[in-house]
Amino acid sequence: MTATRIGVIGATGAVGTITLGLLAERGYDHVRAFASARSAGGRVRFGDTELLVEEATPEALGAGDLDLCLFSVGTSASRALVPHAAAAGALCVDKSSAYRLVDGYPLVVPEVNGGRVHDALDRDRIVANPNCCTIPLTCVLKPLHEAAGLARVHVATYQSVSGAGAQRMEQLRGEEAAEHDLVMDWSWQGDESDEEAKLRAETRKILEQPELPISATCVRVPVMVGHSEAVWVELEEDLSADSAVEALREAPGVRVLELPSFPTPAAAAGTDDVLVGRVRKDTASEHGIALYLSCDNLRKGAALNAIQIAELMLAGAAERAAA
Ligand SMILES: NC(=O)c1ccc[n+]([C@@H]2O[C@H](COP(=O)([O-])OP(=O)(O)OC[C@H]3O[C@@H](n4cnc5c(N)ncnc54)[C@H](OP(=O)(O)O)[C@@H]3O)[C@@H](O)[C@H]2O)c1
């Protein structure tokens, strides 16, 4: 496994830094770091050592000497770079929006629809990693859907600044507490933010429920790491709060907390699970369940989910080679 030649593209960024840490922890040792020309020639930490940062160019990524490329560079850079790595034979996991909603490209949360990676192995080896709020949301919606059928979802998010990248983290570090405020720093599509639209469209694609009604309000809060979501789920059939807890307890990647404990960004930061709590009947709807979740957006919301996708792709590719 450790012989896999891996490129981390966006290695100087918030997600890339965590990606390098997780790869080192998992024992991968043939890892190269790439970023833009701005940081080429610098160094980034990789376990107990450092890696030289190379410039991510189509030529460098298309040279055919990488087995796996993990991209966290933003949508336009992904569109410019991913096809070259994939054409040269690398398995590619892209964390931007470039491929998420494009037909034919799998959008994968391993615990929810991991089998979809095979679609990419049949095609051009590119898998998209969802938005950092979509990932934990689908991890909790899937078991509830299997238990009683999803009819409608309302969600309010409380997203940390690390979701907007390393520069925003620096900005928060430099701010006085009195300057902290909620922001809605998204682009707008009419009266809806692109973040809200993404959360709906990506959730529908992953759950393969193209008509599922989902209404979201997304807000960024002055927290460094860890996204939280208040979720109201209307189900097709009645489900008691106890049965909902039981279904969530059995769901992979989900950890249920019971009062007086409840999910917080600080509790989620640095951990791999989606923390779920406050699971209760939603008395405002007929078959409603309300819950609250927190998740480390840089780990399960980005870097970890992408590595889990990559490991499924590597296993699938190895099986095919052996067949
Ligand atoms: N942060 C999250 O929680 C999160 C979660 C899910 C998905 N994502 C997605 O992951 C991507 C990166 O997010 P981030 O938060 O890590 O951003 P970030 O901290 O701003 O880092 C961006 C990285 O991309 C590199 N980069 C930028 N333009 C490039 C180009 N043209 N060619 C090569 N490298 C380039 C930067 O290199 P330089 O240092 O050289 O500028 C840096 O390494 C975005 O698409 C984001 O939507 C982020």
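As the structure is a computational prediction, the values presented were derived from the model and not from experiment.

Domain annotation for the protein chain reports domain 1 (6–130 + 302–322) and domain 2 (134–297). Placing a centre on the C-alpha atoms of domain 1 and another on those of domain 2 gives a separation of 25 Å. Of the residues lining the interface, 19 residues belong to domain 1; the matching set on domain 2 comes to 20 residues. Carbon and sulfur atoms make up 64% of the surface buried where domain 1 meets domain 2, a total of about 1500 Å² over both sides. Run the count over domain 1 and domain 2 and you get two salt bridges. Across the pair Arg-100 and Glu-202 runs a salt bridge whose closest N-O atoms are separated by 3.1 Å. In this structure, the connection of domain 1 to domain 2 is made through seven residue pairs in polar contact (both at pLDDT 80 or more). In terms of residue class, the side of domain 1 that touches domain 2 is built from eleven nonpolar, five polar and three charged.

We now examine the packing of helix H1 (residues 14–25) against helix H11 (residues 299–322). Relative to each other, H1 and H11 sit at 45°, their axes nearing to 9 Å. As summarised for this structure, H1 and H11 are arranged oblique, according to the angle between their axes. For the pair H1 and H11, the crossing hand works out as right-handed. Contacts from Val-15, Ile-18, Thr-19, Leu-22, Leu-23 and Glu-25 of H1 reach H11 at Arg-299, Ala-302, Ala-303, Leu-304 and Ile-307. Here the contact of H1 with H11 is composed, by residue class, of eight nonpolar, one polar and two charged.

Right, let's talk about the site of the ligand for a bit. Near the ligand lie 27 residues; those nearest to it are Thr-12, Ala-14, Ser-36, Ser-39 and Ala-166. Note that an oxygen atom of the ligand is positioned 2.9 Å from one of the backbone N or O atoms of Ala-14. When the ligand sits alone it has 900 Å² of accessible area, and the protein chains cover 78% of it. If you list the elements that add at least two residues to the shell around the ligand, you get H1 and H11. A per-class count over the shell around the ligand returns eleven nonpolar, 13 polar and three charged. Each of two domains, domain 1 (6–130 + 302–322) and domain 2 (134–297), supplies a minimum of three residues to the shell around the ligand.

Next up on the list: the pattern of salt bridges. Evaluation of the coordinates by the stated rule reveals 21 salt bridges. Residue Glu-311 pairs with Arg-26 through a salt bridge whose shortest N-O separation is 3.0 Å. Taken together, the positions of Glu-311 in helix H11 and Arg-26 in the loop between H1 and strand S2 (31–35) put the pair 285 residues apart, joining distant regions of the chain. The exposure class assigned to Glu-311 is partly exposed, which follows from its relative accessible area of 23%.

What follows deals with the sheet that holds S2. Overall, mixed pairing links the seven strands, which are arranged S3-S4-S2-S1-S5-S6-S7 in an open sheet. Edge positions in the sheet fall to strand S3 (43–46) and strand S7 (126–128), since each of these pairs with one other strand and no more. Across the sheet, the mean angle separating the axes of adjacent strands is 25° when strand polarity is ignored. Where H11 meets the sheet, its contacts fall on strand S5 (68–71), strand S6 (91–94) and S7, and the angle it forms with S6 comes to roughly 160°.

What follows covers the sheet that holds strand S8 (residues 150–159). Either a parallel or an antiparallel arrangement is found when strands of a sheet pair, and the pairing is made through backbone hydrogen bonds. Strand order in the open sheet formed by six strands is S11-S8-S12-S15-S14-S13, with mixed pairing between adjacent strands. Both edges of this open sheet fall to strand S11 (214–220) and strand S13 (254–256), since each of them pairs with a single strand only. Taking the axes of each pair of neighbouring strands and ignoring which way they run, one obtains an average angle of 25° across the sheet. Note that strand S14 (residues 274–282) and strand S15 (residues 288–295) share six bridges and pair antiparallel. When the sheet's bridge partners are listed, Val-276 is paired in S15 with Leu-293.

What counts, and at which threshold
Residues numbered from 1 in each chain as written. Predicted model: local features only at pLDDT ≥ 70, side-chain atom pairs only at ≥ 80, totals over all residues. Heavy atoms only, no water. Domains from an automatic or database assignment. Contact = heavy atoms within 4.5 Å. Buried area = accessible area lost by both parts, 1.4 Å probe. Salt bridge = Lys/Arg side-chain N within 4 Å of Asp/Glu carboxyl O. Polar contact = N/O pair within 3.5 Å; in protein donor to acceptor, adjacent residues only side chain to side chain. Nonpolar A, V, L, I, M, F, W, Y, C, P; charged D, E, K, R; others polar. Axes fitted to C-alpha atoms, helices over the stretch in contact; angles between N-to-C directions. Helix = DSSP H or I, 4+ residues; strand = E, 2+ residues; numbered from the N terminus. Parallel < 35°, antiparallel > 145°, perpendicular 65-115°, else oblique. Left-handed = near helix turned anticlockwise from the far one by under 90°. Near = heavy atom within 4 Å. Areas by Shrake-Rupley, 256 points an atom, 1.4 Å probe, with all protein chains shown as cover. Buried < 20%, exposed > 50% of the residue type's maximum accessible area, 1.4 Å probe, protein only. Pairing = 2+ DSSP bridges.

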